[in-house]
Amino acid sequence: MSKLNSLFTLHIAKSHAYKGYEKGKTAFVSNGLSNNGVLGYITPKSGDRVFTTRSICVSAFCEATVQEPPFVARGNGGSGLVILEPKTPTSRRGLLGIAAYINKVVRWRFSYGRMVTPDRLAPFDIPEYESVARTDVGNILPKIKDPKVMSVRDFSSSLNPIALTDLFVLKSGDYHKATDLPNGSYPLISCGDKDNGLVRYCKAPSHHIYENCLTVAYNGSPMTTKYHPYKFVAKDDVAVLVPRQPLRSTTVLFIQIMLLRETWRYSYGRKCFRAKLMRVAINLPVMGGDLDEDSMEEVLRCTTYWDFVQPRVRHANPVAQNETEQEEASGLA
């Protein structure tokens, strides 16, 4: 491991507002990971800092992307990018490894209230290029044998905000310590991101066992939401979302995606606890007053990874069998 500023020269981006540019051949990089952070291609203006070396762009929210030269990075306003220019020649694969490490290990430390600056980023420990360049990421990803064409009908006009409490009974997990339970065969789920939140395997009474439910982290791991298409036990640092009505697995996965879009609202300093979660509403497709589960399923089936996901999920979720008891147990009644 080496300090980031020993491997890179850190630059502050300088640019004009994107809307003021004429079209051109130079990439304009902004916040976000969509399209690798590239908003479009522009003709640079006087005063812009044009980068001519393959570099890592780190957004104000610590989203790291690798950019091929030449490019201009967003540098106007209060959330400009920080550019990491390698001090010694390195491969694209090595830079991709560093960017992935930043996204996975460093990114959680930054938020809207604590944006990235060169001074904040410089002292972090980063793996050497050689150690991250040994794995060719492209070789370990699933191969696309039959590329799918997105043919989802437009339901954007019928997206309606729906409260989570209309769809789920929200329960806090039942156990505070991972050591409170004897060893067994049920996964014990906590708020972590690794292994889908799995802590260990244990035994538990039947009324503390859930299946085909979502869990939402309370601990400030910005509202991390996980889907568990198997029987499991939950710690009290997560909320368990038990469906009030039968829902397709694709509907639950779609809801998980929509909840993950809200993670920017939470951080370690602004944790998501149960009272906040009960006020959360997410936009879902609605048709004729009911959830449009066909459209949500179509979205999931058009993704590249659906053939991997489908055998591991079930078509419908069980509902809270005794809703009154569920609500009393979770303090809703």
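Residues numbered from 1 in each chain as written. Predicted model: local features only at pLDDT ≥ 70, side-chain atom pairs only at ≥ 80, totals over all residues. Heavy atoms only, no water.

Take the pairing of strand β12 (residues 168-172) next. The two faces of a sheet get side chains in turn, since along a regular strand they alternate between them. Along β12, four of the five residues are buried, which leaves the element largely enclosed by surrounding structure. Direction of pairing for β12 relative to strand β17 (residues 238-243): antiparallel, over a ladder of five bridges. Looking at β17, one finds that Leu170 is bridged to Leu241. (Buried < 20%, exposed > 50% of the residue type's maximum accessible area, 1.4 Å probe, protein only. Helix = DSSP H or I, 4+ residues; strand = E, 2+ residues; numbered from the N terminus. Pairing = 2+ DSSP bridges.)

The subject of this paragraph is the packing of aromatic side chains. Pairs of aromatic rings are described using the distance from one ring centre to the other and the angle between the two planes. Inspection of the entire model under this criterion finds six aromatic pairs. A ring pair is formed by Phe110 and Phe124, whose centres lie 6.0 Å apart and whose planes are at 65°; its orientation type is edge-to-face. With Phe110 in the loop between α2 (92-106) and α3 (118-121) and Phe124 in the loop between α3 and β10 (125-126), the pair connects residues that are 14 residues apart, well separated along the chain. The exposure class of Phe124 is buried, given its relative accessible area of 17%. By the ring-pair criterion, three or more aromatic residues cluster together here, those being Tyr18, Tyr21 and Phe28. Cation over ring: Lys45 sits above Tyr21, and NZ or CZ is 5.5 Å from the ring centre. (Phe/Tyr/Trp six-rings, centres within 6.5 Å; stacked < 30°, edge-to-face > 60°. Lys NZ or Arg CZ within 6 Å of the ring centre and 35° of its normal.)

Quick look at the pattern of salt bridges now. Going through the model one piece at a time under the given rule, you end up with seven salt bridges. The salt bridge involving Arg301 is made with Glu297; its shortest N-O contact spans 2.7 Å. A residue pair is termed a helical-turn pair when its members lie 3 or 4 positions apart in one helix, as Arg301 and Glu297 do in helix α9 (residues 293-301) at four residues. With relative accessibility at 33%, the residue Arg301 sits in the partly exposed group. Residues joined in a network through salt bridges with shared partners are Arg248, Asp294, Glu297 and Arg301. (Salt bridge = Lys/Arg side-chain N within 4 Å of Asp/Glu carboxyl O.)

Before going further, it helps to examine the sheet that holds strand β16 (residues 225-234). The six strands are arranged β12-β17-β15-β16-β13-β14 in an open sheet whose pairing can be described as mixed. Edge positions in the sheet fall to β12 and β14 (198-202), since each of these pairs with one other strand and no more. On average, adjacent strands in this sheet sit at an angle of 35° to one another, irrespective of strand direction. Running over the sheet, helix α7 (residues 249-260) touches β12, β15 (210-217), β16 and β17 and is turned about 125° from β16. (Axes fitted to C-alpha atoms, helices over the stretch in contact; angles between N-to-C directions. Contact = heavy atoms within 4.5 Å.)

Strand order in the open sheet formed by three strands is β11-β18-β19, and the pairing between neighbours is antiparallel. Because the sheet does not close on itself, it has two edges, and the strands there are β11 (159-163) and β19 (290-291). Relative to β19, strand β18 (residues 281-287) runs antiparallel, the two being bridged by two bridges. Paired with Val286 across the two strands is Leu291, which belongs to β19. Relative to β18, α7 is tilted by about 140°, and along the sheet it contacts β18 and β19.

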